[in-house]
Amino acid sequence: MRYPQGGGLTAERRAFREGVRLQAAEMFSAGDGNTVVAKQLRVSVRSVQRWRRAWQAGGDGFLCSRGSAARPKLSEKLFAVLEEELAKGPVAHGWQDQTWTLERIKVLIGRRFHKTITLSTIAQMLRRHGWSHQVPAKRALERDEDKVTGWVKDTWPQVETPRRRSTPSSSSKTRPGSR
């Protein structure tokens, strides 16, 4: 079974499952037993028992799908406001550089909407609305290519730790030379 990026079932899959439950309701009204319904619809007896209780309590309406179980943390209206705030940039909200991070977006949501949302939920919500985590393709105007290449040639080799050379090792717990 495949889930969309935001989690939960797709609309088609929800509709299919609702159809199975409504078929079960028809079988209930025909007087079929739980095991017969389960075998015919290829579901568990436990699910059929739960459906029968719901059907007896409220009819077919109680077997209809109520939509996605994962309700959005921000409504479409609030997310539109969030997009406007994100378009203003991080500097407009008090940060020094022009980089949006999940942590900064979390702070912005807390300040603006008084809601606490986890970083993974924010990432899912942004992905669902077409935002990506990628760095912009444009380079900074202040970037000096000569300094960058000079740093890579001169400074980086001193900072980088040298790689260990592979040498034959012993599988013994005590090395012969350590005795």
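Residues numbered from 1 in each chain as written. Predicted model: local features only at pLDDT ≥ 70, side-chain atom pairs only at ≥ 80, totals over all residues. Heavy atoms only, no water.

Student: Got a sec to walk through the packing of helix H4 (residues 76-88) against helix H5 (residues 102-113)? Specific residues and values, please.
Tutor: Orientation of H4 relative to H5, taken along the N-to-C sense of each, is 120 degrees, at an axis distance of 11 Å. Overall, the two elements H4 and H5 adopt an arrangement that is oblique. As H4 packs across H5, the resulting crossing turns out to be right-handed. Across the interface between the two elements, Leu78, Val81, Leu82, Glu85 and Leu86 of H4 pack against Ile105, Leu108, Ile109, Arg112 and Phe113 of H5. Tallied by class, the residues present in the contact of H4 with H5 amount to eight nonpolar, no polar and two charged. (Axes fitted to C-alpha atoms, helices over the stretch in contact; angles between N-to-C directions. Helix = DSSP H or I, 4+ residues; strand = E, 2+ residues; numbered from the N terminus. Parallel < 35°, antiparallel > 145°, perpendicular 65-115°, else oblique. Left-handed = near helix turned anticlockwise from the far one by under 90°. Contact = heavy atoms within 4.5 Å. Nonpolar A, V, L, I, M, F, W, Y, C, P; charged D, E, K, R; others polar.)

Student: Give a description of the side chain of Glu85 that names residues and reports values.
Tutor: Within the secondary structure, Glu85 sits in helix H4. With relative accessibility at 9%, the residue Glu85 sits in the buried group. Once you skip the residues sitting within four places of it in the chain, Glu85 turns out to touch His93, Trp100, Leu108 and Arg112. (Buried < 20%, exposed > 50% of the residue type's maximum accessible area, 1.4 Å probe, protein only.)

Student: Kindly report on the packing of aromatic side chains, identifying the contributing residues and their values.
Tutor: This model, assessed by the stated rule, comprises three aromatic pairs. Centroid distance Phe28 to Trp55: 5.4 Å. Interplanar angle 50 degrees. Geometry classified as tilted. Remark: Trp55 occurs in helix H3 (residues 45-58) and Phe28 occurs in helix H1 (residues 11-29); sequence separation between them is 27 residues. Geometrically, the ring pair formed by Trp95 and Trp100 is edge-to-face, given 5.8 Å between the ring centres and 70 degrees between the ring planes. For Trp95, a relative accessible area of 18% gives the class buried. Trp100 gets classed as partly exposed once you look at its relative accessible area, which sits at 22%. (Phe/Tyr/Trp six-rings, centres within 6.5 Å; stacked < 30°, edge-to-face > 60°.)

Student: Talk me through H3; I want residue IDs and the actual numbers.
Tutor: In a regular helix each residue adds 1.5 Å, so 14 residues correspond to 20 Å; H3 covers 20 Å between its end C-alpha atoms and thus fits that length. Listed as buried for H3 are Ser47, Val48, Trp51 and Arg52. Considered in projection along H3, the buried side chains sweep an arc of 135 degrees and stay on one side of the axis. Away from its buried face by more than 90 degrees, H3 exposes Arg46, Arg53, Gln56 and Ala57. One or two residues past the end of H3 sits Gly59, with phi positive at roughly 80 degrees. (Expected span 1.5 Å × (residues − 1). Arc of directions from axis to C-beta.)

Student: With reference to specific residues and values, describe the environment of Ile105.
Tutor: Within the secondary structure, Ile105 sits in helix H5. Residue Ile105 is classed as buried on the basis of its relative accessible area, which comes to 5%. Measuring from C-alpha to C-alpha, the distance between Ile105 and Ala123 comes to 9.7 Å, with 18 residues separating the pair along the chain. Apart from residues lying up to four places away in sequence, Ile105 is in contact with Leu86, Trp100, Ile122 and Leu126.

Student: Before we move on, can you summarise the confidence of the model for the chain with the specific residues and values?
Tutor: Confidence along the chain averages 82 in pLDDT terms, with 81% of residues attaining 70 or more. Highest mean pLDDT in the chain belongs to helix H2 (residues 34-41) (94); lowest belongs to helix H8 (residues 156-159) (79). Low confidence marks residues 1-6, where pLDDT is under 50. Its contacts with residues over four positions away, or in another chain, come to eleven contacts. (pLDDT = per-residue confidence, 0-100.)

Student: Before we move on, can you summarise the nonpolar core with the specific residues and values?
Tutor: Of all hydrophobic cores here, the largest spans twelve residues; its members are Leu74, Phe79, Leu82, Leu86, Ile105, Leu108, Ile109, Phe113, Ile117, Ile122, Met125 and Leu126. Here this core takes four residues from H5, the largest share from any one element. Core analysis: the next-biggest nonpolar cluster, separate from the first, contains eleven residues, Val20, Val48, Trp51 and Leu63 among them. (Core = buried A, V, L, I, M, F, W, Y, C linked by side-chain atoms within 4.5 Å.)

Student: Any details on the pattern of salt bridges? Residues and values, ideally.
Tutor: The final tally for this structure, using the stated rule, is four salt bridges. In this structure, Lys88 engages Glu85 in a salt bridge whose closest nitrogen and oxygen atoms are separated by 3.3 Å. Of this pair, Lys88 and Glu85 both sit in helix H4, separated by three residues, roughly a single helical turn. When the shortest N-O distance is used, the salt bridge between Arg143 and Glu145 registers 2.6 Å. Of the residues examined, Arg143 reaches a relative accessible area of 35% and is grouped as partly exposed. One connected set of salt bridges, linked through shared partners, spans Glu85, Lys88 and Arg112. (Salt bridge = Lys/Arg side-chain N within 4 Å of Asp/Glu carboxyl O.)

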